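Below are the chains, spelled out letter by letter.
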Amino acid sequence: MSKLVTIYGGSGFVGRYIARRLAKSGWRVRVAVRNPNEAMFVKPYGAVGQVEPVFCNIRDDASVASVMKGSDAVVNCVGVLDEIGKNTFEAVQTEGAERIARLAAEHGVTSMVHLSAIGADAESESEYARTKAAGEDGVLAHMPNAMILRPSIIFGMEDEFFNRFAGMTRFGPVLPVVGANTKFQPVYVDDVAAAAVMGVEGGASGVYELGGPDVNTFRELMQEMLQVVRRRRLIVNIPFGIARLMAIGFGVGRALSFGLVRGPLTTDQVENLKVDNVVSEGAQGFDALGITPTAMEGILPDYLWRFRPSGQYDAIKESAKNLKA
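Read on for a plain summary of the structure. (Residues numbered from 1 in each chain as written. Predicted model: local features only at pLDDT ≥ 70, side-chain atom pairs only at ≥ 80, totals over all residues. Heavy atoms only, no water.)

It is worth spelling out the overall build of the protein at this point. Secondary structure assignment for the protein yields 12 helices and 13 strands. By the compact-globule yardstick of 20 Å for 325 residues, the protein fits well, its C-alpha radius of gyration being 21 Å. Every one of the 325 residues in the protein was classed for burial, and the buried ones make up 51%. Here the protein displays about 15700 Å² of accessible surface, and carbon together with sulfur accounts for 53% of that area. Measuring between centres, the 34 positive side-chain charges of the protein sit 9 Å from its 36 negative side-chain charges. (Helix = DSSP H or I, 4+ residues; strand = E, 2+ residues; numbered from the N terminus. Rg over C-alpha atoms; globule rule 2.2 N^0.38 Å. Buried < 20%, exposed > 50% of the residue type's maximum accessible area, 1.4 Å probe, protein only. Areas by Shrake-Rupley, 256 points an atom, 1.4 Å probe, with all protein chains shown as cover. Lys, Arg positive; Asp, Glu negative; His and termini not counted. Charge placed at Lys NZ, Arg CZ, Asp CG, Glu CD.)

Take the environment of proline 186 next. Along the chain, the position of proline 186 falls in the loop between strand S9 (183–184) and strand S10 (187–188). With 34 residues separating them along the chain, proline 186 and serine 152 place their C-alpha atoms 5.7 Å apart. Contact partners of proline 186, with chain neighbours within four places excluded, come to Ser152, Ile153, Phe155, Gly211, Gly212, Asp214, Leu221 and Met296. (Contact = heavy atoms within 4.5 Å.)

As a further point, take the side chain of serine 152. Structurally, serine 152 is set in the loop between strand S6 (147–151) and strand S7 (154–155). With a relative accessible area of 4%, serine 152 lands in the buried category. There is a polar contact of 2.7 Å between the side chain of serine 152 and the backbone oxygen of asparagine 277. (Polar contact = N/O pair within 3.5 Å; in protein donor to acceptor, adjacent residues only side chain to side chain.)

Interhelical geometry of helix H2 (residues 61–68) versus helix H3 (residues 89–106) gives an angle of 50° and a closest axis separation of 10 Å. Judged by the inter-axis angle, H2 sits oblique to H3. For the crossing formed where H2 meets H3, the hand is right-handed. Only Arg99, Ile100, Arg102, Leu103 and Ala104 of H3 make contact with H2, whose side of the interface consists of Asp61, Val64, Ala65 and Met68. In terms of residue class, the contact of H2 with H3 is built from six nonpolar, no polar and three charged. (Axes fitted to C-alpha atoms, helices over the stretch in contact; angles between N-to-C directions. Parallel < 35°, antiparallel > 145°, perpendicular 65-115°, else oblique. Left-handed = near helix turned anticlockwise from the far one by under 90°. Nonpolar A, V, L, I, M, F, W, Y, C, P; charged D, E, K, R; others polar.)

Of note, arginine 230 is a non-glycine position whose phi angle comes to about 60°, a positive value. Here arginine 230 lies in the loop between helix H7 (218–229) and strand S13 (234–238). The residue phenylalanine 258 is not glycine, and still its phi comes out positive at about 55°. For phenylalanine 258, a relative accessible area of 78% corresponds to the exposed category.

It is worth spelling out the pairing of strand S4 (residues 73–76) at this point. A two-sided burial pattern is seen for S4, the buried positions comprising Ala73 and Val75 on one face and Val74 and Asn76 on the other. Alignment of strand S1 (residues 4–8) against S4, held across four bridges, turns out to be parallel. By the bridge assignment for S4, isoleucine 7 is matched with valine 75. As paired elements, S4 and strand S5 (residues 111–115) share four bridges and run parallel to each other. Within S5, the position partnered with valine 75 by the bridge is valine 113. Handedness of the β-α-β unit built from S4, H3 and S5 comes out right-handed. (Pairing = 2+ DSSP bridges. Right-handed = clockwise from strand over helix to strand, strands pointing away.)

One way to say it: the disulfide is the covalent bond shared by the sulfur atoms of two cysteines. Evaluation of the coordinates by the stated rule reveals zero disulfides. For the unlinked cysteine cysteine 56, the closest cysteine sulfur is that of cysteine 77, found at 13 Å. (Disulfide = S-S within 2.5 Å.)

As structure tokens, then:
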């Protein structure tokens, strides 16, 4: 019988790519998510019954254990960029990660892959980064041979980075950013998935920092995005002090609306944007895994074309301009 892997958060941005790769490799894939009915799109990744979405609440031992039963490997892709209700940074990224690892050890699971982030740092001013670091410690305490992946900002068709800012270009001549000089090393989502599969199949363990072939400032990334969507916008850097005041205001509005109104920025995100998000010198990365990372210029046009002034017809219109009367 084929081996079974449980992917916590397997319908998310990165999780779905890992699920697809493992299904193609012949694994039976159990996709553990909060809303299985919204994850039915993963079922066609394999043969009938090979990929199944199931309900799981990673804040609950019994729930995590029930979907882990019979698994040969587990992958944890669950994380939050913003706290919502009971899904706090601590509950999800520290306690949740540790819970999965602890139960995996108790159930005799052979291998575990944990998705963290390059910014994971126990001394960080950001709670997101601190809880990511604590989550790594919790995983290694129970599964010392686990693979921990620390990607830089991840891009791909479903990303919430380039898609978000490309969408903003539709509404005005100015594109505001916070931390325009902060450096990033964007990594393609399917490259991260390829690394995760190696960990699931026992080909690698340890901590790996994953970054693409290029390092760019936030401003440079926005300039490249603007070229792809063929729009001219003024990129305006918002100083960190002003950004923090704005984030505090958004937080007050959110509190007064009992969480119904969510601002575009939080104070914790401002703290994160102060720190470069690139692979550390001497860190293990794609080279150690034998993976050649994919460049952004080969991928961004494949999904950002829809933000061009004329969408899919933009290239046709440009070609038409060159026709002689």
